[in-house]
Amino acid sequence: MTTIVQLCGCLETEDGIAPFVSNELADFYGVYVGQPGDFVWHADFLHYEDALTYASAMASTHGLLLQDITHSDEDSNGTHH
C-alpha cells in the first residue's frame, strides 16, 4: 500500500480539530502522513502555501504520494485549492 502525505484545511472547534473543511472555514492547514484509514498528524501551518511547500518537499524527498484535498466553497466541480 502507498504511503500518502495528505494536506487539508482544518478548523479548531470546542470538541477538537475538524479536518477536511473548506479554505474559507480553515483556521490552519494540517499535514498528515499514512495510508487510507490510518493517517498520523505531522505538522500544522497557518498558510496554505507553507503547508503545500512542506508537504511537497516531504513527498518528493521520501518518494511518497502527495494528496492535496483542500477545497473552496466556491468549487462546484470539486477542484482543489
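The structure we're discussing is the one just above.
What counts and how
- Residues numbered from 1 in each chain as written.
- Predicted model: local features only at pLDDT ≥ 70, side-chain atom pairs only at ≥ 80, totals over all residues.
- Heavy atoms only, no water.
- Helix = DSSP H or I, 4+ residues; strand = E, 2+ residues; numbered from the N terminus.
- Polar contact = N/O pair within 3.5 Å; in protein donor to acceptor, adjacent residues only side chain to side chain.
- Buried < 20%, exposed > 50% of the residue type's maximum accessible area, 1.4 Å probe, protein only.

## Quick notes on the side chain of Ser-72
- In this fold, Ser-72 is placed in the segment after strand 5 (65-68).
- A polar atom in the side chain of Ser-72 sits 2.6 Å from the side chain of Glu-24.

## Re unusual backbone geometry
- One non-glycine residue, Phe-20, adopts positive backbone phi at about 70°.
- Inspection of the secondary structure assignment puts Phe-20 in the loop between strand 2 (16-19) and strand 3 (28-35).

## With respect to the side chain of Gln-6
- With respect to the element layout, Gln-6 can be found in strand 1 (residues 4-13).
- Under the relative-accessibility criterion, Gln-6 is labelled buried at 8%.
- Within the structure, the side chain of Gln-6 is placed 2.8 Å from the side chain of Gln-67, a separation counted as a polar contact.

## A short note on the environment of Asp-68
- Tracing the sequence through the fold places Asp-68 in strand 5.
- Here Asp-68 falls in the buried class, since its relative accessible area comes to 17%.
- Spatially, the C-alpha atoms of Asp-68 and Val-5 are 8.3 Å apart, while their sequence positions differ by 63 residues.
- Among the polar contacts made by the side chain of Asp-68, one reaches the side chain of Tyr-48 at a distance of 2.5 Å.
- At 2.6 Å, the side chain of Asp-68 and the side chain of Thr-70 are in polar contact.

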